[in-house]
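Overview (structure and organization)
Each chain, letter by letter, is given below.
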Amino acid sequence: MRIEGKEQIWKEYQKEIPNDDFFYVRSCIRQNLFPASEVIFLKILREELSKTIYETPHHTTCGGIGYHSDIVPIETVMTIIARQFALMTEAGFENYACSCITSFGLYSEIIETWNHFPELLEKTRKSLKEATGREFNIPKHLAHASDVIYKVRNEIAEKAKYKLINKHTGKPLKVVEHIGCHYSKMFPNKGIGGAEYPYVLTGMVEAWGGEIVDYPERRHCCGFGFRQYLVQANRGYSLANTHKKFESMEPFEPDMIITNCPGCPFFLDRWQYVIAETEGKCYGAKGQGIPVFTYEEVAGMVLGYDPWDLGLQVHQIAVEPLLDKIGIPYNPETKYQGLNGKDLGKPELPKNICSC
Amino acid sequence: MINFGYKRNESATLDLDVDNSELYKKLLKEEPSAATCISCGTCASTCSTGQFTDFNLRKIMLLCKRGDTQSLEPIINRCMLCGKCQFACPKGLNTRHIVLILNKHLHAGKIS
Amino acid sequence: MKSIAIIGAGIAGIEAASRLSKQGHKVYLIEKNPEIGGHVAQWDRLFPSQEEAEIVLNDLIKNLNNRAEVLFNSEVQHCGKKDRQFEIILTGNKNLLVDVILVTTGFDTFRAQRKEEYGYGIYENVITSTDLEQMFKKHNVVCKNGNPPKRLAFVHCVGSRDEKVGNRHCSKVCCATAVKQACEIKELYPDCEVFNLYMDLRMFDRHFEDMYHEAQSKYYVNFIRGRLSEAGENKDHQVVLKTEDTLAGKPLKLTVDLLVLMTGMEACDTQKTLNTKLGLRSDTDGFLSTKDVFTQNNFSNTDGVFFAGTCTGPKTIPETLADARAAASLVNAYLMS
């Protein structure tokens, strides 16, 4: 592997990410799957880095899940997205940051469609005006939230309490990065580093002390695929995609996985459990799994936030062995306590994969 | 083990990293002309059997070469050995011999 | 005495120069590099006869017999019509006044890095067909770790027939080169498994089909009809390939020790800069537009400017040399009239 070759490509895929003043929209599903990630994003930007991030309870789904499940037509999605942009315009912002990769892909796709077919933009403006009385501007900058964390990765590194280094060996942790398909596969020039050798997560991992693992199936989809997962009869196909990735990364013995999509970390995490419970196979050392994180969780970990405040207890694959490797302290007693101190109850432990 | 109501799909990929070339090597040894097939499909288009069954000599030879031999066993003996393919083949392959060799090895020990 | 400037001292330029100088004209052979011979000088052996490129090139140079004035390390800085002649200013402010310009700028090899998914310049065991010729020349065909390859694949059409990189055209010589190189690898390492991933096998010229037949019957080269979609590197630094066996209708996975990318031909940058100076036109494929594709393919639209070789599109070596001779004969007729 020659890093210089990748650096050449990374130079070609850079995009302008604003430094401040974002209108932020959350994901439909991330708050259920990774309950603290979006809160941590806001906390890091507002409290650690004093940035202005605005969000409004009036924003809705972008329609992406319905769109990708063949339920919601694109004209409807355009109008839904126009309404989000109207909220941004009304709040006086020009920089749009979204938490979800599917939304990011859909926003990119629709802005591109409007560029090519201005008559559709006019139709959308008319539909939105008739339905809601609102008007909108297209954002000056569209960023995925991981672009924003990428932008401030070195500032986070300066404030970091921990590094992605194995404290027992002193060596960098081996990290698998996995970007959501809709981050840059449709529009490679909209993603940091492009689609073949994406740099957005790699940049974070490098800044925070880790080392990226490049394995043959790194570009392969996690297997979420919306309707493939949503329909039970198709789930074996979704599972097979994740399996293919793990088989490919296994020889590299990665310590952890970092992701930037709502679906990927969920499936890479939960399918490890399903593979273990149906086939008896684990991909981590000593019968453990390979822990999977969102980039916000990783940022929170290096900044020294309490792992349970980061929501790491809701992961299927136990995170404690990794916390021990880095040297991040945690209290097993408070693992299943809510923020209000109330006992949340303990999940049933899996049989074929080590849990804590 | 838990039954979740679904199972991981098996891969449809031809995996050339798994060495399954035994049958093809035997074929080449006994009928070297098999190596010069250009997959033109003349044999399959003229085939008496191929019009009515899924027997396709072009594909059979290709899959044999790729080591995907499992699927060949049930279809190889559908050939009626009429020789039309041999007559038509632009590369002059001894196609009847090829069929007989594959048949012999695929059903080795299975016919009493 | 009439004078001619030939721009580019590859085989087309050399051959045209020797013909025209033999006919008694003053020939300036302008070459941007410190040596003549162009791409052929990079090559080890040539299809379909396995002739050594060096022998062919030396024959051409011998024919030239020092009759032309070769201007090394020279690029055209300025070029324009002056009465019925052309004034050319070269690097180093050398001035030429000539009656005819013959463009023999040839082609550029496709930069394999542009096919990001193949990992050239990133994965250590991904090389180009040109790199492999260099290895053959040095008698050192090995993987990065110094071991001979046990498994090797050629990818046809890298940068050719690929609209994603802006090239719809076929580069014509890569299929035959890949089959030639596949046979050479088997000659060198009889136990090495060799795979050719092709889209169509374009064995169009004399003896090419024999070469293909020999690759199958003598060397057992594996031909897989399918374009490489992506390459990855495994822990042992082997290259993992994903393609479709389109004749079997199934995706195919293959791990090799060495991957050779058959990089195609593109219009060369030098030619592109000449276009504006001489009022030449490029076609949609980037190569020069001729006055007529059938009857006047050595003529430009500018009076006194002629073409020869691959500046008007991919050609084999015999085609290039024939084209150079045709151009020389037409230039001579033009100068005599």
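Residues numbered from 1 in each chain as written. Chains lettered and ligands numbered in written order. Predicted model: local features only at pLDDT ≥ 70, side-chain atom pairs only at ≥ 80, totals over all residues.

1. Considerations on the overall build of chain B
Each helix and strand counted, chain B has five helices and one strand in total. Expressed along its principal axes, the backbone C-alpha trace of chain B runs to roughly 55 × 35 × 30 Å. Looking at chain B residue by residue over its 112 residues, the buried ones come to 30%. Sequence-distant contacts in chain B: of pairs separated by 6 or more residues, those separated by 24 or more amount to 66%. (Helix = DSSP H or I, 4+ residues; strand = E, 2+ residues; numbered from the N terminus. Buried ≥ 20, exposed ≤ 12 C-beta atoms within 10 Å, placed from the backbone. Contact = placed C-beta atoms within 7 Å.)

2. Comments concerning the overall build of chain C
The helix and strand tally for chain C stands at seven helices and 20 strands. Taking 20 Å as the expected radius of gyration for a compact globule of 337 residues, we find that chain C reaches 21 Å, a close match to that expectation. Overall size of chain C, expressed as C-alpha extent along the three principal axes, is 65 × 40 × 35 Å. Burial analysis of chain C (337 residues in total) assigns 50% to the buried set. (Rg over C-alpha atoms; globule rule 2.2 N^0.38 Å.)

3. Examining the interface of chain C and chain B
Facing 13 residues of chain C, the contacting portion of chain B comprises 13 residues. Put simply, the parts of the chain that give the side of chain C that touches chain B at least two residues each are helix H5 (208–217) and strand E17 (250–256) of chain C. Here the side of chain C that touches chain B gets six residues from one element, more than from any other, and that element is E17(C). Here the residues of the side of chain C that touches chain B are counted per class, giving six nonpolar, four polar and three charged. (Nonpolar A, V, L, I, M, F, W, Y, C, P; charged D, E, K, R; others polar.)

4. Structural notes on the domain arrangement of chain C
Residue and element names in this part refer to chain C. Under the domain assignment used here, chain C contains domain 1 (3–106 + 268–336) and domain 2 (112–264). One C-alpha centre belongs to domain 1, the other to domain 2, and the line joining them spans 31 Å. Counting residues at the interface gives 10 residues for domain 1, matched by 18 residues for domain 2. The residue inventory of the side of domain 1 that touches domain 2, partitioned by class, reads four nonpolar, two polar and four charged. (Domains from an automatic or database assignment.)

5. Remarks on the environment of Val213(A)
Residue and element names in this part refer to chain A. Note that valine 213 resides in strand E6 (residues 211–213). The exposure class assigned to valine 213 is buried, which follows from the 21 C-beta atoms found within 10 Å. The contact partners of valine 213, leaving out residues within four places of it in the chain, are Lys174, Val175, Val176, Met249, Phe252 and Pro254.

6. Some words on the environment of Ser229(C)
Residues and elements named next belong to chain C. Mapped onto the fold, serine 229 is located in the loop between strand E14 (222–225) and strand E15 (230–233). Serine 229 sits in the partly exposed class, given 13 other C-beta atoms within 10 Å. Taking C-alpha positions, serine 229 is 12 Å from aspartate 245, a pair spaced 16 residues apart along the chain. Not counting the four nearest positions on each side in its chain, serine 229 is found in contact with Glu117, Lys242 and Thr243.

7. So, unusual backbone geometry
Residues and elements named next belong to chain C. Cis rather than trans, the peptide bond between phenylalanine 47 and proline 48 has omega equal to -5 degrees. With respect to the secondary-structure elements, proline 48 resides in the loop between strand E3 (45–46) and strand E4 (51–52). The backbone of glutamine 50 sits at a positive phi, close to 65 degrees, despite the residue not being glycine. Counting through the fold element by element, glutamine 50 comes out in the loop between E3 and E4. The phi dihedral of asparagine 65 falls on the positive side, at around 50 degrees, and the residue is not glycine. Inspection of the secondary structure assignment puts asparagine 65 in the loop between helix H2 (53–64) and strand E5 (69–71).

8. Focus: the interface of chain A and chain C
Contacts between the two partners involve 15 residues from chain A, matched on the other side by 13 residues from chain C. A class-by-class count of the residues in the side of chain A that touches chain C yields five nonpolar, three polar and seven charged.

9. Quick word on the environment of Pro318(C)
Following the sequence through the fold, Pro318(C) ends up in helix H7 (residues 317–336). Between the C-alpha atom of Pro318(C) and that of Glu87(C), which follows or precedes it by 231 residues, the distance is 32 Å.

10. Details of the packing of helix H1 (residues 22–30) of chain B against helix H5 (residues 95–106) of chain B
Residue and element names in this part refer to chain B. In contact at an axis separation of 10 Å, H1 and H5 are set at 140 degrees when each is read in the N-to-C sense. Here H1 is positioned oblique relative to H5, judged by the angle of their axes. In terms of crossing hand, the pair formed by H1 and H5 is right-handed. Where H1 abuts H5, its residues Leu23, Lys26, Leu27 and Glu30 lie against Ile98, Ile101, Leu102 and His105. (Axes fitted to C-alpha atoms, helices over the stretch in contact; angles between N-to-C directions. Parallel < 35°, antiparallel > 145°, perpendicular 65-115°, else oblique. Left-handed = near helix turned anticlockwise from the far one by under 90°.)

11. A few points about the sheet that holds strand E7 (residues 256–259) of chain A
All names here are of chain A. Overall, parallel pairing links the four strands, which are arranged E6-E5-E7-E8 in an open sheet. Of all the strands in the sheet, just E6 and strand E8 (292–294) have a single pairing partner and so form its edges. Taking the axes of each pair of neighbouring strands and ignoring which way they run, one obtains an average angle of 40 degrees across the sheet. Inspection of the sheet shows E7 paired to E8 by three bridges, in the parallel sense. (Pairing = 2+ DSSP bridges.)

12. Examining the sheet that holds strand E7 (residues 85–90) of chain C
All names here are of chain C. Here we have three strands laid out as an open sheet, ordered E6-E7-E8, and antiparallel in their pairing. The open sheet terminates on both sides in strands that have one partner only, identified here as strand E6 (76–82) and strand E8 (95–98). Pairs of neighbouring strands in the sheet enclose a mean axial angle of 20 degrees, with direction left out of account. Across four bridges, the pairing between E7 and E8 is antiparallel. Bridge pairing links glutamate 87 to leucine 97 in E8.

13. As for H5(C)
Residues and elements named next belong to chain C. Buried residues of H5: Met211, Tyr212 and Ala215, and no others. End-on view of H5: buried residues confined to an arc of 100 degrees, all on one side of the axis. Those residues of H5 hidden inside the fold are in contact with helix H4 (174–188). (Arc of directions from axis to C-beta.)

14. Considering the confidence of the model for chain C
Overall, the prediction assigns chain C a mean pLDDT of 96, with 100% of residues at 70 or greater. Reported for the predicted complex are a pTM of 0.95 and an ipTM of 0.94. (pLDDT = per-residue confidence, 0-100.)

15. Some details on helix H3 (residues 57–66) of chain B
The buried fraction of H3(B) is high, at 10 of 10 residues. Buried residues of H3(B): Leu57(B), Arg58(B), Lys59(B), Ile60(B), Met61(B), Leu62(B), Leu63(B), Cys64(B), Lys65(B) and Arg66(B), and no others. If you follow the buried residues of H3(B), they end up packed against strand E1 (14–15), H1, helix H2 (42–46), helix H4 (84–88) and H5 of chain B together with strand E16 (239–245) of chain C. Phi turns positive, to about 80 degrees, at Gly67(B), one or two residues after H3(B).

16. A closer look at the pairing of strand E1 (residues 22–25) of chain A
Residues and elements named next belong to chain A. Of the two faces of E1, the one holding Phe22 and Tyr24 and the one holding Phe23 and Val25 are both buried throughout. Bridge count between E1 and strand E3 (residues 95–98): four bridges; the pairing is parallel. Counted as the bridge partner of tyrosine 24 is alanine 97 from E3. Across two bridges, the pairing between E1 and strand E2 (residues 53–54) is parallel. Each residue of the ladder has a partner; that of phenylalanine 22, found in E2, is isoleucine 53.

17. Here's the deal with the nonpolar core
Judged by nonpolar contacts, the single largest core of 132 residues is most densely connected at Ile6(C) and Leu102(C). Per element, the largest residue contribution to this core is eight residues, and it comes from H4(C). Both domains that meet at this core, namely domain 1 (3–106 + 268–336) and domain 2 (112–264) of chain C, each give it at least three residues. Discounting chain neighbours no more than four positions away, the residues touching Ile6(C) are Gly13(C), Ala16(C), Ala17(C), Val27(C), Tyr28(C), Leu29(C), Ile30(C), Leu102(C) and Thr104(C). Membership of the second largest hydrophobic core comes to 99 residues, among which are Ala145(A), Ile257(A), Phe266(A) and Ile275(A). (Core = buried A, V, L, I, M, F, W, Y, C linked by C-beta atoms within 7 Å.)

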